[in-house]
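One letter stands for each residue in the lines below.
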Amino acid sequence: MADPCLFCRIASGEIPAKIVAEDTTCVAFRDVNPQAPVHVLVIPRAHVPSLNEVASPALLADVMQMAREVAKQEGIAAGGYRVVLNTNGDGGQTVFHLHAHVLGGRRMNWPPG
Ligand code: DGP
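Rules behind the numbers
- Residues numbered from 1 in each chain as written.
- Predicted model: local features only at pLDDT ≥ 70, side-chain atom pairs only at ≥ 80, totals over all residues.
- Heavy atoms only, no water.
- Pairing = 2+ DSSP bridges.
- Helix = DSSP H or I, 4+ residues; strand = E, 2+ residues; numbered from the N terminus.
- Axes fitted to C-alpha atoms, helices over the stretch in contact; angles between N-to-C directions.
- Near = heavy atom within 4 Å.
- Polar contact = N/O pair within 3.5 Å; in protein donor to acceptor, adjacent residues only side chain to side chain.
- Areas by Shrake-Rupley, 256 points an atom, 1.4 Å probe, with all protein chains shown as cover.
- Nonpolar A, V, L, I, M, F, W, Y, C, P; charged D, E, K, R; others polar.

**Some thoughts on the sheet that holds strand β4 (residues 81–84)**
Taken together, the five strands give an open sheet; going across it, the order is β1-β2-β3-β5-β4, and neighbouring strands pair in antiparallel fashion. Either end of the sheet is taken by a strand with one partner, and the two such strands are β1 (19–22) and β4. Taken pair by pair, the neighbouring strands of this sheet meet at an average axis angle of 20°, ignoring direction. Strand direction decides the pairing type here: strand β2 (residues 26–30) and strand β3 (residues 38–44), joined by five bridges, are antiparallel. The residue bridging Cys26 from the neighbouring strand is Pro44, located in β3.

What follows is the structure, encoded as structure tokens:
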């Protein structure tokens, strides 16, 4: 049976995505519905539904390390960017495979919507 998780299927290459970075633990790809000139999602290859279920701080470190590398690669590191982890319903999470949004290329608003 096909893996039901959309982002697991992107990580395995079964579903195509515009991949901008990948290593043994994480994959980064462009969001299909960008909210900023740069909008990249960084996911762990391992399936973890949300921040609430993360068991290893090393996994978070891997995601954040790749987020930082993507920001540099996309040319937004010096100007500034935002990394967002939407978590569960009130956090606005719609895909239940942990992902960090890397947003930049425009001035971010605060407070967020
Ligand atoms: P969130 O709301 O935090 O769970 O963000 C999920 C993001 O995933 C949302 O910004 C749109 C993006 N997304 C959903 N489906 C796909 C897809 O099939 N491909 C890509 N590249 N992004 C997707």
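**Considering unusual backbone geometry**
A cis amide bond links Trp110 to the next residue, Pro111, at an omega of 0°. Tracing the backbone shows Pro111 in the segment after β5 (100–104). Even without a glycine there, the phi angle at Asn88 is positive, about 60°. Note that Asn88 resides in helix α3 (residues 88–91).

**Considering the site of the ligand**
Taken together, 15 residues lie around the ligand, and Asp31, Asn86, Thr94, His99 and His101 are the ones closest in. A distance of 3.0 Å separates an oxygen atom of the ligand from a polar atom in the backbone of Val95. Here His99 contributes a side-chain N or O atom positioned 2.9 Å from an oxygen atom of the ligand. Calculation on the ligand without its partners gives an accessible area of 510 Å², and the protein chains cover 80% of this total. Elements supplying a minimum of two residues to the shell around the ligand: α1 (6–12) and β2. In terms of residue count, the dominant contributor to the shell around the ligand is α1 (three residues). Tallied by class, the residues present in the shell around the ligand amount to seven nonpolar, six polar and two charged.

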